[in-house]
Amino acid sequence: MANPHRKSKFRPIWDFPGFGGLSVGFFAFLYVPILVLVAYSFNGSKFAMVWSEFSWRWYLKLLENDDIHSAAINSLIVAFFAAPAATIMATLAALVMVRGGPFRSRAFTAGLITLPLMVPEIVTAVATLIFFALLNINLGLINIILAHTVFCIPFAYMPIRAALEAMDPGLEVAAQDLYAGRWDAFRFVTLPLLTPGIMSGFMLAFVISIDDFIITLMVAGAGSTTLPVYIYSMIRTGVTPEVNAVSTLLLAVSVILVSVYWLLSSANRKGEAIG
Amino acid sequence: MRKNVAVDIQQVTKIYGTGNAAVTAVNNVTLQIYDNEFLTLLGPSGCGKTTLLRMIAGFEDMTKGHINLFGEEIEDLPPNQRPVNTVFQHYALFPHLSVYENVAFGLRRLKKSEAEIDHRCKEVLALTQMEALAERRPSQMSGGQQQRVALARALAPNPKVLLLDEPLSALDLKLRQAMRDELKQLQQKTGITFIFVTHDQEEALAMSDRIVVISEGKVQQVGTPQAVYEAPSNRFVANFIGEANMLEASCKTTGKNMTFTLVGGGTLKISTPDVAAGDAVTIMIRPEKVKVLAKTGKKTTPSSLQMEAKVIEQTYLGSVTHLDLACDGQTLKACINQGAHASFATGDEVLIEIPADNCRVLRS
Amino acid sequence: MSIKRLRLLGLLPTWVTIGVLMIGPLLIMAAVSLMEANVYGGVHLRFDVSSYVQILFDKNLFDETEFNPAYLIIILRSFMLALGATGLALLIGFPAAYYIARQPDHRKNLLVFLITIPFWTNLLVRTFAWVIILGRGGFMDQVGSFLNIIGPDESINLMYTNTAILIGLVYSYLPLMVLPLYASMEKMDVRLLEAGADLYANRYELIRRIIVPLTMPGIIGGSILVFVPCLGAFIAPDLLGGGKKLMLGSLVQLQFATSRNWPFGAAIAMMLLAIVVVALMVNARAARRHAVYEQTGAEATHG
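Definitions and limits used
- Position labels on residues start from 1 in each chain and follow its written sequence.
- The naming scheme follows written order: chains are lettered A onward, ligands numbered 1 onward.
- In keeping with the model being predicted, local features are shown solely for residues with a pLDDT of at least 70 and side-chain atom pairs are shown and tallied solely at 80 or more, while totals for entire chains, interfaces and linings include all residues.
- The secondary structure listing takes helices from DSSP runs of H or I that are at least 4 residues long and strands from runs of E that are at least 2 residues long, numbered from the N terminus.
- Note on burial: count the other C-beta atoms lying within 10 Å of the residue's C-beta; 20 or more is buried, 12 or fewer is exposed, in between is partly exposed, and C-beta positions come from the backbone.
- Here the globule rule is a power law, 2.2 Å times the number of residues to the power 0.38, and the radius of gyration is based on C-alpha atoms.
- Think of a nonpolar core as buried Ala, Val, Leu, Ile, Met, Phe, Trp, Tyr and Cys residues, each tied to the set through C-beta atoms within 7 Å.
- Two residues form a contact once the distance between their C-beta atoms, set from the backbone, is within 7 Å.
- In this analysis, strands are considered paired if DSSP registers two or more bridges between them.
- All the domain ranges listed were derived from an automatic or database domain assignment.
- Under this grouping Gly is polar, as are all residues other than the nonpolar Ala, Val, Leu, Ile, Met, Phe, Trp, Tyr, Cys and Pro and the charged Asp, Glu, Lys and Arg.
- Axis definition: a line fit to C-alpha positions, over the contact stretch in the case of helices; interaxial angles, taken between N-to-C directions, run 0 to 180 degrees.
- Per residue, pLDDT captures the predictor's confidence, and it can take any value from 0 to 100.
- Here is the rule for angles: anything less than 35 degrees is roughly parallel, anything more than 145 is roughly antiparallel, 65 through 115 is roughly perpendicular, and the remaining ranges are oblique.
- For any helix crossing, the convention is left-handed if the near helix is rotated counterclockwise from the far helix by under a right angle, and right-handed if that rotation is clockwise.
- Helix span, expected: 1.5 Å multiplied by one less than the number of residues in the helix.

Notes on the overall build of chain B
Then, in step 1: Secondary structure assignment for chain B yields 8 helices and 20 strands.
Then, in step 2: Taken along its principal axes, the extent of the C-alpha atoms in chain B is 75 × 45 × 45 Å.
Then, in step 3: With 364 residues in all, chain B has 39% of them scored as buried.

Section: the overall build of chain C
Then, in step 1: The helix and strand inventory of chain C stands at 14 helices and 4 strands.
Then, in step 2: By the compact-globule yardstick of 19 Å for 303 residues, chain C is too spread out, its C-alpha radius of gyration being 24 Å.
Then, in step 3: In terms of its C-alpha atoms, chain C occupies a principal-axis envelope of roughly 75 × 75 × 40 Å.
Then, in step 4: When burial is assessed residue by residue, chain C has 50% of its 303 residues classed as buried.

Some words on the nonpolar core
Nonpolar side chains in soluble globular proteins tend to be buried together.
Then, in step 1: Residues V126 and A156 of chain A together with I195 and I352 of chain B are the most contacted members of the largest nonpolar core, which totals 282 residues.
Then, in step 2: Setting aside residues up to four positions removed in sequence, I195 of chain B forms contacts with I33, L39, L41, L53, I56, V161, L163 and L164 of chain B.

Description of the pairing of strand β2 (residues 23-34) of chain B
All names here are of chain B.
Then, in step 1: Judged from the 8 bridges that link them, strand β1 (residues 5-16) and β2 form a sheet pairing that is antiparallel. Directly across from V12, in β2, lies its bridge partner V29.
Then, in step 2: The antiparallel pairing of β1 with β2 creates a hairpin that spans 6 residues between the two strands, and G17 there sits at a positive phi of about 75°.

Quick notes on the domain arrangement of chain B
Then, in step 1: Once the domains are mapped, chain B shows domain 1 (5-239) and domain 2 (243-363).
Then, in step 2: In terms of residue class, the side of domain 1 of chain B that touches domain 2 of chain B is made up of 3 nonpolar, 2 polar and 1 charged.

Some details on the sheet that holds strand β9 (residues 210-215) of chain B
Residues and elements named next belong to chain B.
Then, in step 1: Strand order in the open sheet formed by 6 strands is β6-β7-β8-β3-β9-β10, and the pairing between neighbours is mixed. Looking at strand neighbours, the two that pair on one side only are β6 (84-87) and β10 (218-223), the edges of this open sheet. Pairs of neighbouring strands in the sheet enclose a mean axial angle of 20°, with direction left out of account.
Then, in step 2: Note that strand β3 (residues 38-42) and strand β8 (residues 193-198) share 5 bridges and pair parallel. Considered in β8, the bridge of L41 is made with V197.

Notes on the confidence of the model for chain C
All names here are of chain C.
Then, in step 1: With 91% of its residues at a pLDDT of 70 or more, chain C shows a mean pLDDT of 84.
Then, in step 2: Model confidence for chain C, summarised as mean pLDDT per element, is weakest for helix α14 (residues 297-300) at 41 and strongest for helix α8 (residues 190-198) at 93.
Then, in step 3: For residues 295-303, every residue scores under 50 in pLDDT, and the model assigns this stretch 29 contacts once sequence neighbours within four places are set aside.

Some remarks on the interface of chain A and chain C
It is common to give the size of an interface as the accessible area that goes away when the parts come together.
Then, in step 1: Contact residues are listed per partner, giving 70 residues for chain A and 72 residues for chain C.
Then, in step 2: Among the elements that take part in the side of chain A that touches chain C, helix α1 (residues 19-40) of chain A stands out by supplying 13 residues, more than any other.

What about the sheet that holds β1 of chain B?
Sheet strands pair via backbone hydrogen bonds, and the direction of the pair is either parallel or antiparallel.
Then, in step 1: The 4 strands are arranged β2-β1-β4-β5 (chain B) in an open sheet whose pairing can be described as antiparallel. Two strands close off the open sheet at either side, each with one partner strand: β2 and β5 (72-73) of chain B.

Quick notes on the packing of helix α7 (residues 162-187) of chain C against helix α10 (residues 216-231) of chain C
Any two packed helices are characterised by how steeply their axes cross, that is the angle between the axes, and by the distance between the axes.
All names here are of chain C.
Then, in step 1: Relative orientation of the contacting elements α7 and α10 amounts to 160°, with a least axis distance of 7 Å. In terms of their interaxial angle, α7 and α10 are classed as roughly antiparallel. Crossing handedness for the pair α7 and α10: right-handed. Of the residues in α10, those touching α7 at L169, Y173, L176, M177, P180, L181, A183, S184 and M185 are P217, G218, I219, G221, G222, L225, V226, P229 and C230.

Examining the pairing of β3 of chain B
All names here are of chain B.
Then, in step 1: Counting buried positions along β3 gives 5 out of 5 residues, so the element sits mostly inside the fold.
Then, in step 2: On β3, burial covers both faces: F38, T40 and L42 on one face and L39 and L41 on the other are all buried.
Then, in step 3: As defined by bridge partners, β3 adjoins β9 across 4 bridges and the pair is classed as parallel. Across the sheet, residue L42 finds its bridge partner in β9, namely V213.

Points about unusual backbone geometry
Residue and element names in this part refer to chain B.
Then, in step 1: Positioned with a positive phi, N28 is a non-glycine residue whose angle comes to about 50°.
Then, in step 2: By secondary structure assignment, the location of N28 is in strand β2.
Then, in step 3: The backbone of N158 shows a phi angle near 55°, a positive value even though the residue is not glycine.
Then, in step 4: Residue position: N158 is located in the loop between α4 (143-155) and β7 (161-165).
Then, in step 5: A tally of 15 C-beta atoms within 10 Å means that N158 is categorised as partly exposed.

So, helix α3 (residues 114-127) of chain B
All names here are of chain B.
Then, in step 1: For α3, with 14 residues, the first-to-last C-alpha span of 20 Å sits near the 20 Å given by 1.5 Å per residue.
Then, in step 2: Tucked inside the fold, the buried residues of α3 contact α2 (99-109) and α4.
Then, in step 3: Two residues or fewer after α3 comes Q129, characterised by a positive phi angle close to 60°.

Quick look at the packing of helix α4 (residues 106-118) of chain A against helix α1 (residues 3-32) of chain C
Then, in step 1: The interhelical angle for the contact between α4 of chain A and α1 of chain C, taken along N-to-C directions, is 50°, at an axis separation of 10 Å. Relative to α1 of chain C, the element α4 of chain A lies oblique. When you trace α4 of chain A past α1 of chain C, the crossing you get is left-handed. Residues T109, L112, I113, L115 and P116 of chain A of α4 of chain A lie in contact with α1 of chain C, whose contacting residues are L11, T14, W15, I18 and M22 of chain C.

Brief notes about the environment of S215 of chain B
Then, in step 1: Mapped onto the elements, S215 of chain B comes out in strand β9.
Then, in step 2: Not counting chain neighbours up to four residues away, the residues in contact with S215 of chain B comprise G43, P44, C47, Q220 and F236 of chain B.

Quick look at the environment of I160 of chain A
All names here are of chain A.
Then, in step 1: Looking at the element boundaries, I160 is found in helix α6 (residues 141-166).
Then, in step 2: Separated by 19 residues in sequence, I160 and Y179 have C-alpha atoms that sit 27 Å apart.
Then, in step 3: Residues in contact with I160, not counting those within four places in the same chain, are A90, T91, A94, G197, I198 and G201.

Comments concerning the environment of P78 of chain B
Then, in step 1: Looking at where P78 of chain B falls in the secondary structure, it is placed in the loop between β5 and β6.
Then, in step 2: Judged by the 15 C-beta atoms lying within 10 Å of it, P78 of chain B is partly exposed.

The following block contains the structure:
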């Protein structure tokens, strides 16, 4: 039993053997499919799943595909309208919820804001479809913009609310002590400090709108296709690497936007109110 | 009477980090802890006492050395296989379990029978006076109650050694003092070896059979409270426990009439081993041993040193009065009993007497 | 302007938008589920419960009402797959959530970010990745023949099976399980594990007796966040099940795409909604019960 030399690896009791390996497996499971998707977008062969050689041809083909262009543009248009609208509403709502003091409909409002997150997407999609159809609202892209705005609100709301809560309310009081009226205090103290949070909220709302599929699928009329819906129709017609290519591009856009959001919010966390 | 060694700590060292950033928390500590004793590891924050305790429990590994428990090597055993239990500093009670279930936890893991568990839990809850609260949750109790539950939980599995990591530090003063007595009695009643960690020297003196004074990872002294207080082995121990007056001196002659000359003049005859002529030493005397006399007083002890001093501050504390005295460019502290001597006022010129018998020679 | 007015102004846009574009449609959908179907799509404004009846019963050739198991099978499949996906997600996510929670801060944040990235990407595209992997001659088959598990022309042939859908579901919503789990794990005091070990618990017992009870809010929260979307999933059964193995989500979509039976679709959607409400109430109750365990020892009460 005596062991003069230092012994087998000591593990602190909270360190579970194997969990590290399982975590690696976890991240592999999460990312390998995406990597496979991206890798196959460079597949020279016509058959999406059989690898032949490295090639850019599918990306080049994308550049010629007018349908994809208009679908992508539609996606951007929708996001450029829905995201700001949602962000503005979310900002106002967050200001009231965090700084508005106690009021009766607080719980109701909180529930209302998270409602789009709680209801399964297919249910929202169908309900919105019925709504537009029965009320005869056929405004093309505007239908989609309206639908997107609704579920973008909670996504914009969360980071803005978090930023507001992290902000020291004493700062506004200090501003008022220095003769700033309520509006001035908001404009010169709250708003500038809140801006990174608002930007984060906007980014999230934008990403969510670009990526939405189910709701857009059901609500979109003819002629107002967005990129995810178009990709779906491509998949239905037949799987070619072109689908991989456009999917990879969509993925890239999302990843970039989310990374920007993350960098923004980490910087935000580091630059918090002093004292 | 040869006592049984409960915990044998041999040349234990713990180093955190490597290279330039390496920190030695425990530095080559060798120590024997006996069965059925209340031993305290005493030292300032960061001295390594908690690290040493955690190594005995098994939560930290050792860089070097061995630890034996009743003759068996335990350093390779994980904490859940060592028959040692801990009372944690912030109790670490399981919030999702009742008091009873907390106390039963260890016994359940040891697969004891339900009857045995019930019997033992009731026994230990009675010992710590917690029977009435058996069904409560930890969050519903005061700090003092939680502390007892933590104690009961650690005692329930009948460990050979009980480790207590500053268990009284989160309690307020009155409670702390009451718990001191209870812990001492508990140890005597159960006969389990208690290893108690604290930075509070009063606690250590009040409860321990022996004290281990630790500083910067090294053992400074091991001894009974009396030994540690009256015969501290170095400056650190002398200063850390109680108050001490330090007088610089050098050895004039050795042998039967060993004499020391104080830096400020005056001599003292103190017999002490391991000192050569010319060595610089520190002579320590406790404030309560310093005699304060009126200017015209006579020497009360022939072998004492008398010096002139002036009272610069006095603090009346009821049963005693603390005096700060300026003497030979130094401030000395004296502590006199109420009514024992004449009273003194600030500014008084007095005589202080330093009896050689109450002095202790320390290395510089 | 008074505080009250300002509040109203701030909340009105959100109230109106979500009220008109979400609550309104949901109410209309509830009404539609109780109307008569119009063969050309849309509805006749007439009260009719036949949609709900249709879930379980059908009129046979002799115009008699008899029990129709077809939709029950779909409901059952949806439940089983959703439960299975939730269980698998829990199994896969638990060790990862724990491991990440024990990392030093800077690494923790990065790892959490890596978990959330897939969550923000397009679900269709992510599920499509599995089409590439599981398809005939796809990535999995290529790896399989490379490792000599199957011959060069054979296929592991997982496509269009319930298993494929299960994998797709787990993959889609795994981050939603891990994040609440991680939040719970982070809050847990590691010293409780030390106390448990001090009292002779082995690692398995530490998980079972201490970690699981204390992270239960995260477990339940994560489970609901996975179970609900899985029930109403549409993409996974469509792409990976080949449209042959229907789940509730695909069933609903069908009514509005080809079958044109709006009330029936609405009825199924209402059923989905009802299940979600029940799940949320379960979550709320469990969260309340376990909230007490968040604190421990001397820190909880002013010691």
